[in-house]
Amino acid sequence: MSSSSVATSSVRTHEHQVVSNHMFSSNAHKSIWTSLWENFVSVIPDRVNQTPNFDGYKPLVEAIKEDDWDEANEYLKNHKKDIKEIFAARDSKKEIHMIFNAAAIREECMFVEEFIELVPSDALEFVDPETAITVLHMAAMVGNNTIVKALVKKNPNLPQIRSSDIPPVVPLTYAAMKASDLQKETVEFLYSVTRDEDPSPFSGILGSVLLSGLIQANAYGIALSILGRHPELVGDMYSSKPLEMIVERPFAFLTGAELTWWERFIYSLIPVHADGPYDYAIRGDRENNLATSKGTTKDEENPPETSTVSSKLEGSSSNTDERTITKYFMPYFLRVPRIAQLYNQKLMHKQAVALVKYVLAVYGQKKDDTEIITGLFINPSILETAIKYGTTEFVLECLHVFPMLCGGDHGEKLIRMVITERNEKVFSYICQIKKRHYPLDRLPTLDERDNSILHHTAKLAPNRRLNSVSGAALQMQREMQWFKGVADTMIQKARYIRNKDGDTAQFLLTDQHKDLMEKGEKWMKDTSGSCMVVATLIATVAFAAAFTVPGGNISDTSKTNNGVPIFLEKTSFIVFVVADSLALLSSITSVLMFLAILTSRYSEEDFLKSLPLKLIIGLATLFISMATILISFGAAVSIVLSDRYSRDAIPITLCGCIPVLLFAFLQLPLFVEMIRSTYWPITFGEKSRNTIKKKPKKRKLN
């Protein structure tokens, strides 16, 4: 190789390093793109005054300067022929550029569409030396899809023209770096019209810059489509850089989406094709080669478990989506704004998982085991960041592709991080991997203070994790479930290891959770005391109503039915008696449950199941007593008004349902959470591991 070639290669390498270091610095979101944007907003309107060559259409420029777009449109409409002749007679590229940029900033679509008819197509290719961009770059940055489409229609070569700044990028990159939800259409359109031809904007440094922008713009489908054609970009982005960006975006995955129970139900029914709108799936041999690449572990008897986990996290597999009957009605369902939003979320989640899988596969192909552990776990601490941010799908895919991360000292460090963040899905998966790949690793590795993973489990969880559960009592219950669950994964001997302070994990649990137990006890007693007062009132009313029945009793000593209720033969009276009896019995049961809570000893084990179970029974019987006492009230009203005002009893009875519905609306979330936490606790046993081990259904690749 000649000395000149070596020098050129060295310069390119240095340029690549400088650009990449700038792209992925700590101020990546406040980079050259933000500076350019601020420069455009502040400079372009003033530059209309600085250019004297507006002869023939100065009134148009003055109207733009005054932001009078009605006047500008009127002038343009009346002087089309004159302006067109002026542009054809002289070189007006700079003036055209400034007028277009001013209109693009203010998103004057009507003006642009009229103005573009008068402009020579080659004038739109002008790269302004002061702003370093074309008019399409500006329109892409603003994100006005109407203006972008009009410009591309006028000159289809515009998407290929690069800016003159560093790095020189195409309009698609500008759109991606400034994209928001409202600008997503602009990114999609520019991607569809930008050609992958030499010099390609999708390869080398330009491809790396574009990919970083697409990831920031949540355009994971487009990013994966580009990577499918240019897998070398993973290396150009210094291997782990895309991963560092993705792990900081938990909202791109299902576990980071804050969905209510009914939204999750709808989410699971929405059919989303895995291919998406960009055909981003990695096809054929390339996928098979990457799956068996260096640094990955392929188990023929146990195919990719995380595919199954990801499908369960997303609610359903693509095959299930294709079979569901809802796909036939989706065009109608998508007219509902919230369903359309959930559809877009699910599509984004699937694309993000697919992108992570592909990047990890390419990363494993380029690195050996030591480099993988160093790159993902030690130097950038990508896994630690992912665990802290709660990007569960990313961690699961990492552990599936690189199971060696679960072994050795770094594996124990990973487990400690997962335990600290209380991520049961990841911990269950680690247990499965260790059982399969490290069956002899039975004794836990101790840290510098001789603490086992059970000691770390005994420590109090961070507030952000505790606050995910409502009520101090349920928080204590969750902590106890974690401790019991982790202890069940360890051999008996390892549970009683003492650290250098001579403390067992059980002692540390008690010491660390003193304050939380006190708060839980106070919360339980306050809740029980308040509910007990209500239950006592209902019991009192129900007992009194049993002896003062509506209509009274027969008071004729000469008759055999003396003392019998007058309306005994009426159906409404039977309803009254039954409802009043249920109200009395259920309210007394509720009082007993709340009394048992108040007199409990409040030990650690009590918080695990005993106290929550009593509270569940107490709330359930309180609700029953409240509902039945109102039913008995409705029946009594019906009896009293049956002869003359029978129709008036209906609205009165319906109004009596309001307190029951209000009580259910206010207390049902707490009730459901207690049932779920008590009867579906955190477990890391065979049942949860078998769920992960289940083989996914094979999909055909086109």
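What counts, and at which threshold
- Residues numbered from 1 in each chain as written.
- Predicted model: local features only at pLDDT ≥ 70, side-chain atom pairs only at ≥ 80, totals over all residues.
- Heavy atoms only, no water.
- Axes fitted to C-alpha atoms, helices over the stretch in contact; angles between N-to-C directions.
- Helix = DSSP H or I, 4+ residues; strand = E, 2+ residues; numbered from the N terminus.
- Parallel < 35°, antiparallel > 145°, perpendicular 65-115°, else oblique.
- Left-handed = near helix turned anticlockwise from the far one by under 90°.
- Contact = heavy atoms within 4.5 Å.
- Nonpolar A, V, L, I, M, F, W, Y, C, P; charged D, E, K, R; others polar.
- Buried < 20%, exposed > 50% of the residue type's maximum accessible area, 1.4 Å probe, protein only.
- Polar contact = N/O pair within 3.5 Å; in protein donor to acceptor, adjacent residues only side chain to side chain.
- Core = buried A, V, L, I, M, F, W, Y, C linked by side-chain atoms within 4.5 Å.
- Phe/Tyr/Trp six-rings, centres within 6.5 Å; stacked < 30°, edge-to-face > 60°.
- Lys NZ or Arg CZ within 6 Å of the ring centre and 35° of its normal.
- Patch = residues over 30% accessible without salt bridge, like charges linked within 9 Å, V, L, I, M, F, W, Y side chains within 5 Å.
- Areas by Shrake-Rupley, 256 points an atom, 1.4 Å probe, with all protein chains shown as cover.
- Salt bridge = Lys/Arg side-chain N within 4 Å of Asp/Glu carboxyl O.
- Disulfide = S-S within 2.5 Å.
- Lys, Arg positive; Asp, Glu negative; His and termini not counted.
- Charge placed at Lys NZ, Arg CZ, Asp CG, Glu CD.
- Expected span 1.5 Å × (residues − 1).
- pLDDT = per-residue confidence, 0-100.

Q: In this structure, what is going on with the packing of helix α16 (residues 261–269) against helix α21 (residues 337–366)? I would like to understand it.
A: Packed helix pairs are characterised by how far apart their axes lie and by the angle those axes make with each other. Put simply, α16 and α21 touch, their axes get as near as 10 Å, and they point 65° apart. Relative to α21, the element α16 lies roughly perpendicular. Between α16 and α21 lies a crossing of right-handed hand. Contacts from Trp262, Glu263, Ile266, Tyr267 and Ser268 in α16 reach Arg338, Ile339, Leu342, Lys346 and His349 in α21.

Q: Help me understand the packing of helix α29 (residues 472–488) against helix α33 (residues 604–641) in this model?
A: Here α29 crosses α33 at 115°, and the two axes come no closer than 8 Å. With respect to α33, the axis of α29 lies roughly perpendicular. Note on packing geometry: the crossing formed by α29 with α33 is left-handed. Where α29 abuts α33, its residues Ala473, Met476, Gln477, Met480, Gln481 and Lys484 lie against Glu604, Glu605, Phe607, Leu608 and Pro612. Within the contact of α29 with α33, the residues separate by chemical class into six nonpolar, two polar and three charged.

Q: What is the right way to read the side chain of Thr392 from this model?
A: Residue position: Thr392 is located in helix α24 (residues 392–401). Judged by its relative accessible area of 5%, Thr392 falls in the buried class. There is a polar contact of 3.1 Å between the side chain of Thr392 and the side chain of Asn423. The residues touching Thr392, leaving out its near neighbours within four places in the chain, are Thr255, Asn423, Lys425 and Val426.

Q: Where do I start with helix α11 (residues 184–193) in this structure?
A: Residues of α11 that are buried include every one of Thr186, Val187, Phe189, Leu190 and Tyr191, and no others. Contacts made by the buried residues of α11 are with α8 (135–142), α9 (145–154), α10 (171–177), α12 (204–216) and α13 (220–229).

Q: Sorry if this is basic, but what is going on with the nonpolar core here?
A: Within soluble globular proteins, side chains that are nonpolar tend to cluster in buried spots. Counting 152 residues, the largest nonpolar core has Tyr57, Phe100, Phe111, Phe115, Leu151, Leu214 and Leu399 as its most contacted members. The leading source of residues in this core is α21, at ten residues. Residues in contact with Leu399, not counting those within four places in the same chain, are Leu405, Cys406, Leu414, Val426, Tyr429, Ile430 and Ile433.

Q: Can you walk me through the packing of aromatic side chains in this structure?
A: Here a ring pair, both rings aromatic, is described through the centre-centre distance and the interplanar angle of the planes. Applying the stated criterion across every chain, the model contains eleven aromatic pairs. Taking 5.6 Å as the distance between ring centres and 10° as the angle between the ring planes, the aromatic pair formed by Phe111 and Phe115 counts as stacked. Taken together, the residues span about one helical turn, with Phe111 and Phe115 both in helix α7 (residues 109–116) at a distance of four residues. The side chain of Lys346 reaches across the aromatic face of Tyr267, ending 5.3 Å from its centre.

Q: What should I look at first to understand a nonpolar patch on the surface in this one?
A: Residues Phe329, Tyr332 and Phe333 make up a contiguous nonpolar surface patch of roughly 320 Å² in combined accessible area. Summarising the element assignment, Phe329 is placed in the loop between α19 (318–323) and α20 (330–333).

Q: Honestly, the pattern of salt bridges in this entry has me stumped. Any pointers?
A: Once the charged atoms of two side chains with opposite charge are near each other, the side chains can pair. Under the criterion given, the structure shown has 15 salt bridges. Note that Glu479 is salt-bridged to Arg422, the shortest N-O span being 3.0 Å. Here Glu479 is found in helix α29, whereas its partner Arg422 is found in the loop between α25 (408–421) and α26 (424–437), with 57 residues between them in sequence. Assessed through its relative accessible area of 6%, Arg422 is described here as buried.

Q: Looking at this structure, I do not really get the environment of Tyr220. What am I missing?
A: By the element assignment, Tyr220 lies in helix α13. The spacing of Tyr220 and Val353 is 133 residues in sequence and 8.9 Å in space, taken between C-alpha atoms. Apart from residues no more than four positions distant in its own chain, Tyr220 is found in contact with Ile215, Arg249, Ala252, Met348, Gln351, Ala352 and Leu355. One polar contact links Tyr220 to Arg249, side chain to side chain, over a distance of 3.1 Å.

Q: Mind showing me how you'd approach the state of the cysteines here?
A: Using the criterion set out here, one finds zero disulfides in the structure. Unpaired in terms of disulfides, Cys431 finds its nearest cysteine sulfur in Cys406, a separation of 9.4 Å.

Q: How should I be thinking about unusual backbone geometry in this particular structure?
A: In most cases, non-glycine residues show a negative phi, while peptide bonds are predominantly trans. Cis peptide bonds are those with omega within 30 degrees of zero, and the linkage from Asp198 to Pro199 qualifies with -5°. Mapped onto the elements, Pro199 comes out in the loop between α11 and α12. Even without being a glycine, Glu107 presents a positive backbone phi close to 55°. The topology assignment puts Glu107 in the loop between α6 (93–105) and α7. Here Glu107 falls in the partly exposed class, since its relative accessible area comes to 43%. Of note in this structure, Arg422 is not a glycine but carries a positive phi near 55°.

Q: Could you clarify how one ought to interpret a negative patch on the surface in this entry?
A: On the surface, Glu62, Glu66, Asp68, Asp70, Glu71 and Glu74 cluster together into a patch of negative charge. Sorting elements by how many residues they give to the negative patch places helix α4 (residues 69–78) first, with three residues. Along the chain, Glu74 falls in helix α4. Look at Glu74 and you get partly exposed, because its relative accessible area is 42%.

Q: Where do I start with α29 in this structure?
A: For an α-helix, the turn length of 3.6 residues means that residues three or four places apart are oriented alike. With 17 residues, α29 extends 24 Å from end C-alpha to end C-alpha; this agrees with the ideal 24 Å at 1.5 Å per step. Counting buried positions along α29 gives 15 out of 17 residues, so the element sits mostly inside the fold.

Q: Got a minute to help me understand the confidence of the model for the protein in this structure?
A: Low pLDDT means the predicted atomic positions in that stretch should not be read closely. The predicted model of the protein averages 76 in pLDDT, with 75% of residues at 70 or higher. Confidence, expressed as mean pLDDT per element, reaches its minimum in the protein at helix α17 (residues 284–291) with 37 and its maximum at helix α31 (residues 514–547) with 92. In this model, residues 275–324 is a region of pLDDT below 50 whose contacts with residues beyond four sequence positions or in other chains number 123 contacts. Contacts of residues 685–702 to residues separated by more than four positions or lying in other chains number 37 contacts, the stretch itself having pLDDT below 50.

Q: Is there a simple way to explain the environment of Gly408 in this structure?
A: Examined against the element boundaries, Gly408 turns out to sit in helix α25. Considering only alpha carbons, one finds Gly408 and Tyr438, 30 residues apart in sequence, at a separation of 9.5 Å.

Q: Would you take a moment to explain the environment of Glu421 for this structure?
A: With respect to the helices and strands, Glu421 occurs in helix α25. On a C-alpha basis, the gap between Glu421 and Lys388 in space is 6.6 Å, while along the polypeptide they are 33 residues apart. Once you skip the residues sitting within four places of it in the chain, Glu421 turns out to touch Ile387, Lys388, Arg464 and Arg465. Of the polar contacts made by the side chain of Glu421, one reaches the side chain of Arg464; its length is 2.4 Å.

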